[in-house]
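Survey of secondary and tertiary structure
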Amino acid sequence: MRAALYDRHGPAGEVLRVVDLDRPEPGPGEVRVKITYSGVNPTDWKARGGTTPRPMDGFQIPHHDGAGVIDAVGEGVDPGRIGQRAWVYLAAAGRPFGTAAEWTVVPASQAVPLPDGVPTELGSSLGIPAMTAHRCLFADGTVERKTILVAGGAGAVGHFAIELAKFFGARVVTTVSNEEKAELARSAGADLVVNYRDPSAAEQISSFGRVDRVIEVALDANLQLDLAVVRPGGVIVTYAADGNDPVLPVRACMSANLVLRFVLVYGVPSEALQQAAKDITAALASGALTELPVHKFSLEDIAAAHDAVEHGVVGKALVVPD
Ligand SMILES: NC(=O)c1ccc[n+]([C@@H]2O[C@H](COP(=O)([O-])OP(=O)(O)OC[C@H]3O[C@@H](n4cnc5c(N)ncnc54)[C@H](OP(=O)(O)O)[C@@H]3O)[C@@H](O)[C@H]2O)c1
């Protein structure tokens, strides 16, 4: 099969190459998926570049996310799954066969049936962003009738955080930096969209009501804003570490009886991942999840796809393996 891989860390254009490899066979409990689209996330360029290297056994076919059709199953897996459309999550977590290839092999539970009518592009965009958004939203219980602040609502995680929160009955306010992103956040269903650069951002959010939970992409940049709008006993959930580490205002956090939570999708308990897959499937089946603007790259152009994500492309970069 055709596959992109790297065997050392470095810039995309230097270390990613397209090769022919033996097509992987599913082992016991696994399925093989013929990949239609492979979704690129920031974690993929960070792992490849060595910023946050992940264990590598000789070589790494990158990308955790993808979608396609199951075409073989291993021992113990229902053969009825052959021919099923599926979206894949965490394909490259501790495994060499990511989704940037014509085929990948994953444990059967990590290839989730894609409901009829859901575009394959959307399926390939779900894994890392939607699973992370789900964990951030639900680690502290239901969101029904809660007020959720999603920082960065036009980002991949932020987008699904808005859509999942709305689907499960929350009121959602979100922040963005410009009108293009505001439009994306409104399309996702946010009840209120605020430009976080506006000096009155805190008042605008507060006018919507006290925030029960913040889904935070930039804790250092936004901590003062979050503290200004979160209710006593509220929760701030952080899932990104791109900026500086914050200086924690302990008295303000203590006075608010604040809960600070951190989420890294690689360490989310498997029961929580299974529940997330069920909830995401229910939301997909109801048409509650949509895709951000899609940017497609051929397998040969995978380095350009990584660079686009690294430089903050608005929307999802997908690699087309054949
Ligand atoms: N912990 C985990 O398991 C996990 C899972 C997925 C992703 N991540 C990490 O989360 C980050 C985002 O991932 P992604 O895929 O969602 O990336 P993305 O699609 O590029 O979205 C990031 C969004 O954050 C916004 N943003 C940046 N600074 C902001 C600020 N100060 N306030 C509000 N919004 C801000 C950006 O828009 P503007 O710059 O225009 O504001 C952009 O819309 C990455 O660092 C990624 O590695 C972690």
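Before reading on, note that the structure itself is shown above.
Reference entry: report on the structure contained in this document.

**A word on the overall build of the protein chain**
The helix and strand inventory of the protein chain stands at eleven helices and 15 strands. Whereas a compact globule of 322 residues would reach a radius of gyration of roughly 20 Å, the protein chain reaches 20 Å, a difference of no more than 12%. Summarising its shape, the C-alpha atoms of the protein chain cover approximately 60 × 40 × 35 Å along the three principal directions. Buried positions account for 53% of the 322 residues belonging to the protein chain. Look at the contacts in the protein chain between residues 6 or more apart in sequence, and 68% of them connect residues 24 or more apart.

**Let's talk about the site of the ligand**
Around the ligand, the structure places 23 residues, and the nearest of them are Ser177, Lys181, Tyr196, Asp242 and Val265. Here Val157 contributes a backbone N or O atom positioned 3.0 Å from an oxygen atom of the ligand. Within the contact set of the ligand, a nitrogen atom lies 2.7 Å away from a backbone nitrogen or oxygen of Val263. Considering the ligand on its own, with 910 Å² of exposed area, one finds that the protein chains cover 82% of that surface.

**A word on the nonpolar core**
If you look at the biggest cluster of nonpolar residues, it comprises 48 residues, and the most contacted ones within it are Trp87, Leu126, Met131, Ile215, Ile280, Leu284 and Leu289. Looking at this core, the elements that each hand over two or more residues are α4 (127-138), β8 (147-150), α5 (156-167), β9 (171-176), α6 (179-188), β12 (230-238) and α10 (270-285). Judged by nonpolar contacts, the second largest core, of 25 residues, contains Ala4, Trp45, Phe297 and Ala308.

**Notes on the pairing of strand β15 (residues 316-320)**
For β15, the buried fraction is high: four of the five residues fall into the buried class. Note that strand β3 (residues 30-39) and β15 share two bridges and pair antiparallel. Bridge pairing links Ser38 to Val319 in β15. The pairing of strand β14 (residues 294-298) with β15 spans five bridges and is classified as parallel. Counted as the bridge partner of Lys296 is Leu318 from β15. For the handedness criterion, the β-α-β arrangement of β14, helix α11 (residues 302-310) and β15 is classed as right-handed.

**Focus: the state of the cysteines**
Summed over the entire model, instances satisfying the criterion amount to zero disulfides. Sulfur of Cys136: no disulfide; nearest cysteine sulfur belongs to Cys253 and is 18 Å away. On the basis of relative accessible area, Cys136 is assigned to the buried category, the value being 0%.

**Quick word on the pattern of salt bridges**
Counting across every chain of the model gives 14 salt bridges. Here Lys46 makes a salt bridge to Asp242, at a shortest N to O gap of 2.8 Å. One end of the pair, Lys46, is in helix α2 (residues 42-49); the other, Asp242, is in the loop between β12 and α9 (250-255), and 196 residues separate them in sequence. Owing to a relative accessible area of 59%, Asp242 belongs among the exposed residues under this scheme. Among the salt bridges present, the one from Arg186 reaches Glu183, with a minimum N-O distance of 3.4 Å. Residue Arg186 and its partner Glu183 are located together in helix α6, separated by three residues, close to a single helical turn. When its relative accessible area of 42% is taken as the criterion, Glu183 is described as partly exposed. Through salt bridges with shared partners, one network takes in Glu25, Arg32 and Asp71.

**Quick notes on the environment of Ala92**
Within the element layout of this structure, Ala92 appears in the loop between β5 (85-88) and β6 (103-107). Residue Ala92 is classed as buried on the basis of its relative accessible area, which comes to 10%.

Rules of the game
Residues numbered from 1 in each chain as written. Predicted model: local features only at pLDDT ≥ 70, side-chain atom pairs only at ≥ 80, totals over all residues. Heavy atoms only, no water. Helix = DSSP H or I, 4+ residues; strand = E, 2+ residues; numbered from the N terminus. Rg over C-alpha atoms; globule rule 2.2 N^0.38 Å. Buried < 20%, exposed > 50% of the residue type's maximum accessible area, 1.4 Å probe, protein only. Contact = heavy atoms within 4.5 Å. Near = heavy atom within 4 Å. Polar contact = N/O pair within 3.5 Å; in protein donor to acceptor, adjacent residues only side chain to side chain. Areas by Shrake-Rupley, 256 points an atom, 1.4 Å probe, with all protein chains shown as cover. Core = buried A, V, L, I, M, F, W, Y, C linked by side-chain atoms within 4.5 Å. Pairing = 2+ DSSP bridges. Right-handed = clockwise from strand over helix to strand, strands pointing away. Disulfide = S-S within 2.5 Å. Salt bridge = Lys/Arg side-chain N within 4 Å of Asp/Glu carboxyl O.

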